[in-house]
Amino acid sequence: MLVNATEMLLKARDGHYGVPQFNINNLEWTKAVLTACEEMKSPVILGVSEGAGKYMTGYKTVAAMVKAMVESMGITVPVALHLDHGSYEGCMACIEAGFSSIMFDGSHYSIEENVAKTKELVELAHSKGMSIEAEVGSIGGVEDGVVGTGEIADPEECAKITALGIDFLAAGIGNIHGVYPANWKGLDFEALDRIHKATNNIPLVLHGGTGIPDEMIAKAISLGVSKININTECQLVFAEATRKYIEEGKDQQGKGFDPRKLLAPGAKAIEAKCKEKIELFGCAGKG
Ligand code: G3H
Ligand code: ZN
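Only a predicted model underlies this, so the values are computations on that prediction, with no experimental measurement involved.

*Asks:* Sorry, what's going on with the confidence of the model for the protein chain here?
*Replies:* Detailed reading of the predicted model is not advised wherever pLDDT is low. When pLDDT is averaged along the protein chain, the result is 96; 98% of the residues meet or exceed 70. Confidence metrics for the complex model read pTM 0.97 and ipTM 0.99.

Structural data, given as structure tokens:
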């Protein structure tokens, strides 16, 4: 059974650790993430971007697949199925499709419009027992077609959105989607501290988790971050392991054309990456 992400994130906030959001793209990806989290006894949020949702033929397919996998794999740790960087329409579709959590990314609207749309979705999501994340400021870089300016979030605007009753808040603090450029200045911890103080201890979300140095992750958690999103890093290790398998010529031995064998090294690499992140975020044994 899926759960919303509220309780797992309140526990993380109070216990000073981070819950991972790992984005998923297909069955193998989902299986690798769930296997790692069950083995590490970690709660998990499965993130689905709008692009990944389309790729998997729609949110209803994703919800049905994830629910069935949680059951048939005998998963005992809490699992939330969460729309990542959702539009208003995407949020409506996921509420309908049986997700347990949504993110409404209204960061590209004016604050007034972001507030109005978030308010409406908070009421709807909560009436269905779902959790909801909102975004203020902007995450830099590009992820799955979502382009961000990297604007640092304004604490007053964060307070306005938090007051609507959202369950967790994504705030731009210099974080970037994808691989960080060599001249990246790092996270803006002063901004994070101001946002944390202005938002009544709401669990904060750190997007763009790929490649953030370990000590910055630890500091972010100490300043109220309870959810850390990882996407690109799993894609990188999947691609590397798959390429290696093919380049080694194993798929010419009469075995490699079997998709179950071809995709296995990549899936194993995702599993290992998830375990590494779970250790780093301190959430092993918390599920
Ligand atoms: O929304 C998902 C993320 O923020 C993941 O970011 O691809 O940089 O790990 P990433
Ligand atoms: Zn993100």
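Having seen the model, we can carry on.
*Asks:* Please clarify how the site of ligand 1 should be interpreted in this entry.
*Replies:* As a structural note, the neighbourhood of ligand 1 is formed by 16 residues, with His207, Thr210, Asn229, Asn231 and Thr232 the closest of them. Within the shell around ligand 1, the residues separate by chemical class into one nonpolar, twelve polar and three charged.

*Asks:* I would appreciate a short explanation of the UniProt feature "active site" (unreviewed entry) in the protein chain in the present structure.
*Replies:* UniProt's feature table lists "active site" (unreviewed entry) at Asp84, given in the numbering used throughout. Turning to its location among the elements, aspartate 84 is positioned in strand 3 (residues 79–86). The class for aspartate 84 is buried, based on 29 C-beta atoms found within 10 Å. Aspartate 84 has contacts with Asn23, Gly47, Val48, Ser49 and Met103, leaving out every residue within four places of it along the chain.

*Asks:* How should the packing of helix 7 (residues 155–162) against helix 8 (residues 189–198) be read in this particular structure?
*Replies:* Helix-helix packing is characterised by the crossing angle of the two axes and by the distance between the axes. Contact geometry for helix 7 and helix 8: axes closest at 9 Å, N-to-C directions at 35°. Relative to helix 8, helix 7 is oriented so that their crossing is right-handed. Residues Pro155, Glu156, Cys158 and Ala159 of helix 7 pack against Arg194, Ile195 and Ala198 of helix 8. When grouped by side-chain class, the residues that make up the contact of helix 7 with helix 8 number five nonpolar, no polar and two charged.

*Asks:* What am I meant to see in helix 7 here?
*Replies:* Side chains three or four residues apart in an α-helix point the same way, a direct result of the helix having 3.6 residues per turn. Those residues of helix 7 not exposed but buried are Pro155, Cys158, Ile161 and Thr162. One face of helix 7 carries all of its buried residues, which in axial projection span an arc of 120°. Tucked inside the fold, the buried residues of helix 7 contact helix 6 (111–127), strand 5 (131–136), strand 8 (168–171) and helix 8.

*Asks:* Would you mind going over the sheet that holds strand 10 (residues 225–230) with me for this structure?
*Replies:* In a beta sheet, neighbouring strands are held together by backbone hydrogen bonds and run either parallel or antiparallel to one another. With respect to topology, eight strands assemble into a closed barrel ordered 1-2-3-4-5-8-9-10, the strand pairing being parallel. In this sheet, neighbouring strand axes are inclined to one another by 25° on average, regardless of whether the strands run parallel or antiparallel. Alignment of strand 2 (residues 44–49) against strand 3, held across six bridges, turns out to be parallel. Its bridge partner being in strand 3, valine 44 is matched across the sheet by valine 79. Each of strand 3 and strand 4 (101–104) is contacted by helix 5 (residues 88–97), which is oriented at about 160° to strand 3, the strand it contacts most.

*Asks:* How should I be thinking about the UniProt feature "binding site: Zn(2+) 1" (unreviewed entry) in the protein chain in this particular structure?
*Replies:* In the numbering used here, UniProt assigns the "binding site: Zn(2+) 1" (unreviewed entry) feature to His85, His177 and His207. In terms of the greatest pairwise C-alpha distance, the residues named above, spread along 123 residues, form a tight cluster of at most 11.8 Å across. With respect to the helices, strands and loops of the structure, histidine 85 is situated in strand 3. The class of histidine 85 is buried, set by 26 C-beta atoms lying within 10 Å. Sequence-distant contacts of histidine 85, defined by excluding residues within four places in its chain, comprise Ser49, Met103, Asp105, Glu143 and Val146. Assignment of secondary structure puts histidine 207 in the loop between strand 9 (204–206) and helix 9 (214–222).

The rules behind the values
- Residues numbered from 1 in each chain as written.
- Chains lettered and ligands numbered in written order.
- Predicted model: local features only at pLDDT ≥ 70, side-chain atom pairs only at ≥ 80, totals over all residues.
- pLDDT = per-residue confidence, 0-100.
- Near = placed C-beta within 6 Å.
- Nonpolar A, V, L, I, M, F, W, Y, C, P; charged D, E, K, R; others polar.
- UniProt positions renumbered as here; feature names shortened; annotations may be inferred.
- Helix = DSSP H or I, 4+ residues; strand = E, 2+ residues; numbered from the N terminus.
- Buried ≥ 20, exposed ≤ 12 C-beta atoms within 10 Å, placed from the backbone.
- Contact = placed C-beta atoms within 7 Å.
- Axes fitted to C-alpha atoms, helices over the stretch in contact; angles between N-to-C directions.
- Left-handed = near helix turned anticlockwise from the far one by under 90°.
- Arc of directions from axis to C-beta.
- Pairing = 2+ DSSP bridges.

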